[in-house]
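# Observations on chain architecture
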Amino acid sequence: TSPLDRGGFLISIYTMFATVTALCCAPLSDRWGHRNMLMGGIFVIGIADILMGMSSTYTHFLLARGLAGVGGALVVPNAFALVGDLFPYERRGMAMGYLTGSMGFAGVVAIPLGTMTASVFGWQWSFFLVSVLAVIPVTFLYLFLNSGHKHTRANISLRGYGREFADAFNRPYVVFALICTSLWYASYLGMYQYLGIYYAQSFSLNIQEVGGLILLPSLTYLVGTIVGGRVSDRTGKKRLIILVGLGAIACALGFAVFNQHLHLATGIFMFWGACYGVGDSSLLALVSE
């Protein structure tokens, strides 16, 4: 396979493992506690990064990447669920904005930090560093976050476990929320994950130049999440999602037309990142209700 195919497999296996794990563990997180599941997910990610750093073959790296998807599936939905536990709906847009903004900030910091670590100590230490840093949030969650905000229930039988899925999918708004979030993140990840490949192949840029350009939509996404969360609490979450959704559509069409002009394409991607940042906090707050 080509390097492009190998990169695509790494993205696909992460998404596949994350999707299956998130669906299977959703009922369990409400029983075992969102904080506990969040801590477990961070622990799994730490182990997966150690295994990726120790991988000697592409197959081993691919499997470790899948395990990271399992950890990510435990972390992201339970982090959002904790916001629903801790904040009322009237203030949840702001809270979701700070949470998604912290994710955007992590992306902004991780790219240059990972590049610098790999260039100085070797690519393996980019993954080992993540494992070391994972100790910080686990310690914070264990010591400072009160897990009593969400009352856990007793374990259920396999039949009851299946009945919860049937009950959820019989609710039209649940199905509609799944469709909306699937399309929203498919369009976002479908463009962002291949942004580096696009810049490298279309404009013959080196790794440092590609990394710098990828940071720009991450920065506008970060600003958008914080601003959008506050605005959505005042103007209405549905209305704001529609407006920024139309903006993202316009960016995708503009990118298709002007994809041979570096500065124009970069400007479009920056505005596109801002649209998704504003919409993310509003959409997640709406779904959490």
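Cut-offs used in this document
- Residues numbered from 1 in each chain as written.
- Predicted model: local features only at pLDDT ≥ 70, side-chain atom pairs only at ≥ 80, totals over all residues.
- Heavy atoms only, no water.
- Helix = DSSP H or I, 4+ residues; strand = E, 2+ residues; numbered from the N terminus.
- Rg over C-alpha atoms; globule rule 2.2 N^0.38 Å.
- Buried < 20%, exposed > 50% of the residue type's maximum accessible area, 1.4 Å probe, protein only.
- Contact = heavy atoms within 4.5 Å.
- Areas by Shrake-Rupley, 256 points an atom, 1.4 Å probe, with all protein chains shown as cover.
- Lys, Arg positive; Asp, Glu negative; His and termini not counted.
- Salt bridge = Lys/Arg side-chain N within 4 Å of Asp/Glu carboxyl O.
- Polar contact = N/O pair within 3.5 Å; in protein donor to acceptor, adjacent residues only side chain to side chain.
- Patch = residues over 30% accessible without salt bridge, like charges linked within 9 Å, V, L, I, M, F, W, Y side chains within 5 Å.
- Disulfide = S-S within 2.5 Å.
- Axes fitted to C-alpha atoms, helices over the stretch in contact; angles between N-to-C directions.
- Parallel < 35°, antiparallel > 145°, perpendicular 65-115°, else oblique.
- Nonpolar A, V, L, I, M, F, W, Y, C, P; charged D, E, K, R; others polar.
- Phe/Tyr/Trp six-rings, centres within 6.5 Å; stacked < 30°, edge-to-face > 60°.
- pLDDT = per-residue confidence, 0-100.
- Core = buried A, V, L, I, M, F, W, Y, C linked by side-chain atoms within 4.5 Å.

## Quick word on the overall build of the protein chain
When its secondary structure is counted, the protein chain shows 12 helices and 0 strands. Over its C-alpha trace the protein chain gives a radius of gyration of 20 Å, about what one expects of a compact globule, namely 19 Å for 289 residues. Its C-alpha atoms give the protein chain principal-axis dimensions of roughly 55 × 50 × 35 Å. Counting only residues that meet the buried cut, the protein chain has 40% of its 289 residues in that class. A separation threshold of at least 6 residues defines the contact pool for the protein chain, and within that pool the share at least 24 residues apart is 80%. Accessible surface for the protein chain amounts to roughly 15,900 Å². Of this, 72% is attributable to carbon and sulfur atoms.

## Structural notes on the side chain of Asp49
Mapped onto the fold, Asp49 is located in helix H2 (residues 34-54). Salt bridges are absent for the buried Asp49, whose nearest opposite-charge side chain, Arg65, sits at 6.7 Å. Not counting residues up to four positions away in its chain, the partners in contact with Asp49 are Phe127, Phe128, Val130 and Ser131.

## Thoughts on unusual backbone geometry
Here the phi dihedral of Ser204 falls at roughly 55 degrees; this positive angle occurs in a residue that is not glycine. Along the chain, Ser204 turns up in the loop between helix H9 (195-203) and helix H10 (207-235).

## Side note on the pattern of salt bridges
Enumeration over the complete set of coordinates arrives at 2 salt bridges. Across the pair Arg171 and Asp167 runs a salt bridge, and its minimum N-O distance is 3.1 Å. Using a relative accessible area of 34% as the deciding quantity, one classes Arg171 as partly exposed.

## Describing the side chain of Ser232
With respect to the helices, strands and loops of the structure, Ser232 is situated in helix H10. A distance of 3.0 Å separates a polar side-chain atom of Ser232 from the backbone oxygen of Gly229. Dropping the residues within four chain positions of it, Ser232 is found in contact with Gly93, Lys237, Leu240 and Ser282.

## So, a nonpolar patch on the surface
Among the surface-exposed residues, Phe105, Val109, Leu113, Met116, Val120, Phe121, Trp125, Leu133 and Ile136 lie close enough to one another that they form a single nonpolar patch of about 910 Å² accessible area. Going through the elements one at a time, helix H4 (89-121) and helix H5 (124-133) are the ones with two or more residues in the nonpolar patch. The greatest single-element share of the nonpolar patch, amounting to 6 residues, is contributed by H4. Take Val120: it is sitting in helix H4.

## A closer look at the state of the cysteines
Considering all chains together, one arrives at 0 disulfides under this definition. Free cysteine Cys251: the closest other cysteine sulfur is in Cys275, separated by 4.8 Å. Its relative accessible area of 5% is what places Cys251 among the buried residues. Cys275 sits in the buried class, given a relative accessible area of 6%.

## With respect to the packing of H9 against helix H12 (residues 262-288)
Interaxial distance between H9 and H12 falls to 12 Å at its minimum, and their mutual angle equals 170 degrees. One element, H9, and the other, H12, form an angle in the roughly antiparallel class. Across from Leu195, Tyr198, Tyr199 and Phe203 in H9, the residues of H12 making contact are Leu262, Ala265, Thr266 and Phe269. Among the residues forming the contact of H9 with H12, the class breakdown is 7 nonpolar, 1 polar and no charged.

## Concerning the packing of aromatic side chains
Per the counting criterion, the structure on display carries 11 aromatic pairs. Between the aromatic rings of Tyr188 and Trp272, the centroid separation amounts to 5.3 Å while the plane-to-plane angle is 15 degrees, which identifies the pairing as stacked. Of this pair, Tyr188 sits in helix H8 (residues 172-192) while Trp272 sits in helix H12, and the two are 84 residues apart along the sequence. Judged by relative accessible area, which is 14%, Tyr188 ranks as buried. Judged by relative accessible area, Trp272 falls into the buried class, the value being 1%. When the centroid spacing of 5.3 Å and the interplanar angle of 65 degrees are considered together, the rings of Trp272 and Tyr276 count as edge-to-face. Within this pair, Trp272 and its partner Tyr276 are both found in helix H12, separated by 4 residues, close to a single helical turn. An aromatic cluster is defined as three or more aromatic residues linked by ring pairs; in this entry it consists of Trp184, Tyr188, Tyr199, Phe203, Tyr221, Phe269, Trp272 and Tyr276.

## With respect to the confidence of the model for the protein chain
This prediction gives the protein chain a mean pLDDT of 83; 93% of its residues lie at or above 70. Confidence, read as mean pLDDT per element, is least for H4 in the protein chain (78) and greatest for H2 (91).

## As for the nonpolar core
Counting residues in hydrophobic clusters, the biggest one holds 26 residues, and the most contacted among them are Leu195, Tyr198, Tyr199, Phe269, Trp272 and Tyr276. Considering every element that reaches this core, the biggest residue donor is H12, with 8 residues. Setting aside its immediate chain neighbours within four residues, Trp272 contacts Ser187, Tyr188, Met191, Tyr192, Ala248 and Cys251. Membership of the second largest hydrophobic core comes to 16 residues, among which are Leu82, Met96, Ala134 and Leu284.

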